[in-house]
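Each chain, letter by letter, is given below.
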Amino acid sequence: MLVFKTKSELKEHLQPAISKKNIGFVPTMGALHQGHISLVKKAKQENEIVVVSIFVNPTQFNNASDLTNYPKTIDADLKMLEEANCDVVFIPSVEEIYDENVNSENFEFDGLEKEMEGKFRPGHFDGVGTVVKKLFEIVRPTNAYFGEKDFQQLQIIKKMVVKNNLPVNVIGCSIFRESDGLAMSSRNMRLTQEQREASPFIHKVLLEAKSLFINEKGNGICKWVTEQFENQPELELEYFIIADEENLKEMKTINENVKYRAFIAVFAGEIRLIDNISLT
Ligand code: PAF
C-alpha cells in the first residue's frame with residue numbers, strides 16, 4: 001500500500017492507469033470503521049486500483065468545536081486499510097487541497113441542499129461539494145463509493161457529477177450497522193458509555209416507523225416519533241422527516257409511485273447522529 005501526501009506524487013503514480021484501468025475511490029475523513037472498510041472492499045471487487053483519501057475537510061464543518069474534536073486515528077486507519085488490501089492512500093494537508101483559499105464554491109443542487117441537513121447545517125453541502133470535486137479532479141476515479149448513512153450527501157454528489165459533467169460513477173452503499181443497530185459513524189467513538197447504550201434506540205424507532213408507514217400509510221408517524229424521544233434523557237431529537245428519495249422533499253400526501261425514506265437527526269449530548277431507512 002502506497003501513501004501519498006501531495007497531489008503531484010499521487011497524480012504521477014495514477015497517470016499511467018487513467019483510462020486503462022478502473023480506479024475506485026473512497027473519500028473519507030479518517031477515523032475509519034467497518035462501514036468505510038465495506039466501501040473499500042466493494043471498490044476492490046469492482047476496480048483494479050483502489051484509492052482512499054483521508055482528509056478532514058474544514059469547509060464542511062459549520063461548528064468549530066466539531067472540527068477541532070473530529071477524531072483522528074491515522075495509525076489505526078492505515079492498519080485497517082492495509083488489511084483491506086487498499087492500494088493507495090492519499091493524506092493531503094489543508095494547504096495541499098485549498099492552497100491559501102480555504103473557502104467553498106457556491107453550488108446549486110436543484111434545492112437538494114435546502115432540505116433536512118441543509119436547514120440545520122448551513123454551508124455544509126457547499127463544503128462537501130467543493131472538496132469532493134477537488135478530490136475527483138486529482139484522483140480521476142472511474143467509480144466513487146459513498147455510504148447511504150449520509151443519503152442526502154450521496155444524492156447531492158450524484159447531482160454535482162451530472163451538473164458538472166464529471167466522468168465518474170457515483171455508487172451508493174448500504175448503511176453498515178453495529179450489532180445493536182446503531183449506524184456506524186466516526187462520531188460514535190466520542191459517545192459516553194451512557195450515550196452509546198442509548199443510541200441504538202434511533203434505529204429501533206426507524207424500524208418501528210417503517211412498519212407504521214407500511215400499515216398506516218404515514219398518518220401521525222412524525223408525532224409518534226417525537227413522543228418516543230420525550231422519554232429518552234440521553235437523546236434529543238432534532239428532526240424526523242419522511243421524504244421523497246429523489247428530490248428529498250418532505251412527504252405531504254402519499255404518492256404510490258414515489259420511493260420514500262425516513263430521515264432522522266438526534267443529539268446525544270454534543271454529538272450529532274444521523275440515520276435513515278427506506279420505507280418502500
Ligand atoms: O462523508 C464524508 O466522510 C465526507 O463528507 C466526505 C465525502 C469524505 C467529504 O469530506
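Everything here concerns the structure above.
As the structure is a prediction and not an experimental result, all values here were calculated from the model.

Novice: What am I meant to see in the overall build of the protein here?
Specialist: When you go through the protein residue by residue, the secondary structure sums to 11 helices and nine strands. Its C-alpha radius of gyration of 19 Å places the protein within 12% of the 19 Å reference for a compact globule of 280 residues. Seen through its C-alpha atoms, the protein measures out along the principal axes to roughly 55 × 40 × 35 Å. In the protein, buried positions account for 54% of the 280 residues. By sequence separation, contacts in the protein at least 24 residues apart represent 72% of the contacts at least 6 residues apart. When the 33 basic and 42 acidic side-chain charges of the protein are each reduced to a single mean position, those positions are 4 Å apart.

Novice: How should I be thinking about the packing of helix α10 (residues 201–216) against helix α11 (residues 221–230) in this particular structure?
Specialist: Each pair of packed helices can be summarised by the angle the axes make with each other and by the distance between the axes. At their nearest, the axes of α10 and α11 sit 11 Å apart, and the two run at 155° to each other. Looking at the two axes, α10 sits roughly antiparallel to α11. Crossing of α10 over α11 shows right-handed handedness. Here α10 contributes F201, I202, V205, E208, A209, L212 and F213 to the contact with α11, which in turn contributes I221, W224, V225, Q228 and F229. Grouping the constituent residues of the contact of α10 with α11 by class yields 10 nonpolar, one polar and one charged.

Novice: So what exactly am I meant to see when it comes to the site of the ligand here?
Specialist: Taken together, P27, T28, M29, N57, Q60, V131, F146 and Q153 make up the full set of residues near the ligand. In this structure, an oxygen atom belonging to the ligand sits 2.6 Å away from a side-chain N or O atom of Q60. Measuring from an oxygen atom of the ligand, one finds a side-chain N or O atom of Q153 at 2.7 Å. Protein chains shield 89% of the accessible area of the ligand, which is 280 Å² for the free molecule.

What counts and how
- Residues numbered from 1 in each chain as written.
- Predicted model: local features only at pLDDT ≥ 70, side-chain atom pairs only at ≥ 80, totals over all residues.
- Heavy atoms only, no water.
- Helix = DSSP H or I, 4+ residues; strand = E, 2+ residues; numbered from the N terminus.
- Rg over C-alpha atoms; globule rule 2.2 N^0.38 Å.
- Buried < 20%, exposed > 50% of the residue type's maximum accessible area, 1.4 Å probe, protein only.
- Contact = heavy atoms within 4.5 Å.
- Lys, Arg positive; Asp, Glu negative; His and termini not counted.
- Charge placed at Lys NZ, Arg CZ, Asp CG, Glu CD.
- Axes fitted to C-alpha atoms, helices over the stretch in contact; angles between N-to-C directions.
- Parallel < 35°, antiparallel > 145°, perpendicular 65-115°, else oblique.
- Left-handed = near helix turned anticlockwise from the far one by under 90°.
- Nonpolar A, V, L, I, M, F, W, Y, C, P; charged D, E, K, R; others polar.
- Near = heavy atom within 4 Å.
- Polar contact = N/O pair within 3.5 Å; in protein donor to acceptor, adjacent residues only side chain to side chain.
- Areas by Shrake-Rupley, 256 points an atom, 1.4 Å probe, with all protein chains shown as cover.

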